[in-house]
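Here is what each chain is made of, one letter per residue.
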Amino acid sequence: RLIVTCRYHAILLASILKERGIPVRVRYGFAHYLYPGYHVYHAICEVWNEKEQRWMLVDPDRQLVDFPREQFESAADAWLKYQKGEVDPSTYGVPGWVGAHPILSALCYDLAAVLGSELVDGYYPPVVRDTEVYDTGKPNEKRETITKLAILLQDPDKNFRELKRFYDKHEFIQFYQRQSGS
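What you see is a predicted model; the values in this text were computed from it and never measured.

Trainee: Looking at this structure, how should I read the side chain of T145?
Mentor: For T145, the position within the fold is in helix α4 (residues 141–153). Owing to a relative accessible area of 12%, T145 belongs among the buried residues under this scheme.

Take a look at the structure:
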């Protein structure tokens, strides 16, 4: 028996489906169905429904298939709402880790996953440690770039090339592995 987090369930399902030739991608965001009134940091899959020509949401952690999109808030949507002051960031994350940091982390992981890198724990883009990027009260070039990125992530199929260019151009959103002892 192996006990793993939602991230590993999503990566495992994506790996199995890809091996079978089924289009799938891991997505990061916030589940509204896990704890009422709270937006739980969560990884799921989008699986291509060939018959209906659309992406459907699949939560392998909870064994949900083709559930309503209103139940899962994309990291991009959460970031954009946060930037506009439309959400209480203290309701986003998991116990012990809430606020803008999980929203930005989910956004960065979502970008990497959409681009084909399904990363496990231990990888971090430098921007998540940049405290100035979370201060919505004053202008910040990195935050503005991330907001543009979030807009593009709302339609990753249409904007795939631009998302790849963004990732390649901006080192502060690129992932690196944490070194032992750091």
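Trainee: Explain the layout of surface pockets here, please?
Mentor: In this approach a probe as big as a water molecule rolls over the atoms, and the regions it shows empty are the leftover space. One number sums up the size of the largest pocket: a volume of about 230 Å³. Along the walls of the largest pocket sit 13 residues, with R27, E46, R69, S74 and Q154 positioned nearest its centre. When residues of the lining of the largest pocket are traced back to their parent elements, those giving at least two are β1 (24–31) and β5 (72–74). Here the residues of the lining of the largest pocket are counted per class, giving 4 nonpolar, 2 polar and 7 charged.

Trainee: Help me out: how do you make sense of the packing of aromatic side chains in this one?
Mentor: Within a pair of aromatic rings, the relevant descriptors are the distance that separates the centres and the angle that separates the planes. A full pass over the atoms with the stated rule returns 10 aromatic pairs. Look at Y28 and Y109: their rings are 5.4 Å apart centre to centre, the planes differ by 40 degrees, and that puts the pair in the tilted class. Remark: Y109 occurs in helix α3 (residues 100–114) and Y28 occurs in strand β1; sequence separation between them is 81 residues. Both residues of the pair, Y28 and Y109, count as buried. Ring geometry for Y41 and W97: centres 5.1 Å apart, planes at 55 degrees, overall tilted. With Y41 in strand β2 (residues 39–49) and W97 in strand β7 (residues 97–98), this pair connects stretches of sequence that are 56 residues apart. Put simply, the rings of Y28, F30, Y41, Y92, W97, Y109 and F175 pair up and form one aromatic cluster.

Trainee: Where do I start with the nonpolar core in this structure?
Mentor: Generally speaking, nonpolar side chains in soluble globular proteins are found buried as a group. In terms of nonpolar packing, the biggest core is built from 52 residues, with W79, L104, L107, V127 and I146 touching the most fellow members. Mapped by element, the contributors of at least two residues to this core are α1 (6–19), β1, β2, β3 (54–59), α2 (75–83), α3, α4 and α5 (160–169). Per-element accounting of this core gives the leading share, 11 residues, to α3. Among residues more than four places away in sequence, those in contact with W79 are I103, L104, L107, V133, R143, I146, T147 and A150.

Trainee: Please explain the environment of P156 as it appears in this structure.
Mentor: With respect to the helices, strands and loops of the structure, P156 is situated in the loop between α4 and α5. Between the alpha carbons of P156 and V114 there is a distance of 7.1 Å; along the sequence they are 42 residues apart. When neighbours within four sequence positions are excluded, P156 is seen to be in contact with R25, R27, V114 and L163.

Trainee: How do you make sense of the pairing of β2 when you look at a structure like this?
Mentor: Of all 11 residues that make up β2, 10 are buried, and the element is covered over most of its length. As paired strands, β1 and β2 are joined by 8 bridges and run antiparallel to one another. Bridge assignment links V24 to a residue of β2, and that residue is V47. Pairing of β2 with strand β6 (residues 92–94), which is carried by 2 bridges, proceeds in the parallel orientation. Paired with V40 across the bridge in β6 is G93.

Trainee: Can you walk me through the pattern of salt bridges in this structure?
Mentor: Here the idea is simple: oppositely charged side chains can pair when their charged atoms come close. Per the counting criterion, the structure on display carries 12 salt bridges. The residue E118 makes a salt bridge to K18 at a minimum N-O spacing of 2.6 Å. Residue E118 is located in the loop between α3 and β8 (123–124), and its partner K18 is located in helix α1; the two are separated by 100 residues in the primary sequence. Among the ionic pairs, D157 bridges to R25, the shortest N-O distance being 2.8 Å. Note that D157 is positioned in the loop between α4 and α5 and R25 in strand β1, a separation of 132 residues in sequence. Classification of D157 by relative accessible area gives partly exposed; the value is 45%. By sharing partners, the salt bridges in this structure join R25, R27, E46, R69, D110 and D157 into a single network.

Cut-offs used in this document
- Residues numbered from 1 in each chain as written.
- Predicted model: local features only at pLDDT ≥ 70, side-chain atom pairs only at ≥ 80, totals over all residues.
- Heavy atoms only, no water.
- Helix = DSSP H or I, 4+ residues; strand = E, 2+ residues; numbered from the N terminus.
- Buried < 20%, exposed > 50% of the residue type's maximum accessible area, 1.4 Å probe, protein only.
- 1 Å grid on protein atoms, 1.4 Å probe; cavity = no way out; pocket = protein on both sides within 12 Å on 5 of 7 lines; lining within 4 Å.
- Points joined across faces, edges and corners; volume = space filled by probe spheres on them.
- Nonpolar A, V, L, I, M, F, W, Y, C, P; charged D, E, K, R; others polar.
- Phe/Tyr/Trp six-rings, centres within 6.5 Å; stacked < 30°, edge-to-face > 60°.
- Core = buried A, V, L, I, M, F, W, Y, C linked by side-chain atoms within 4.5 Å.
- Contact = heavy atoms within 4.5 Å.
- Pairing = 2+ DSSP bridges.
- Salt bridge = Lys/Arg side-chain N within 4 Å of Asp/Glu carboxyl O.

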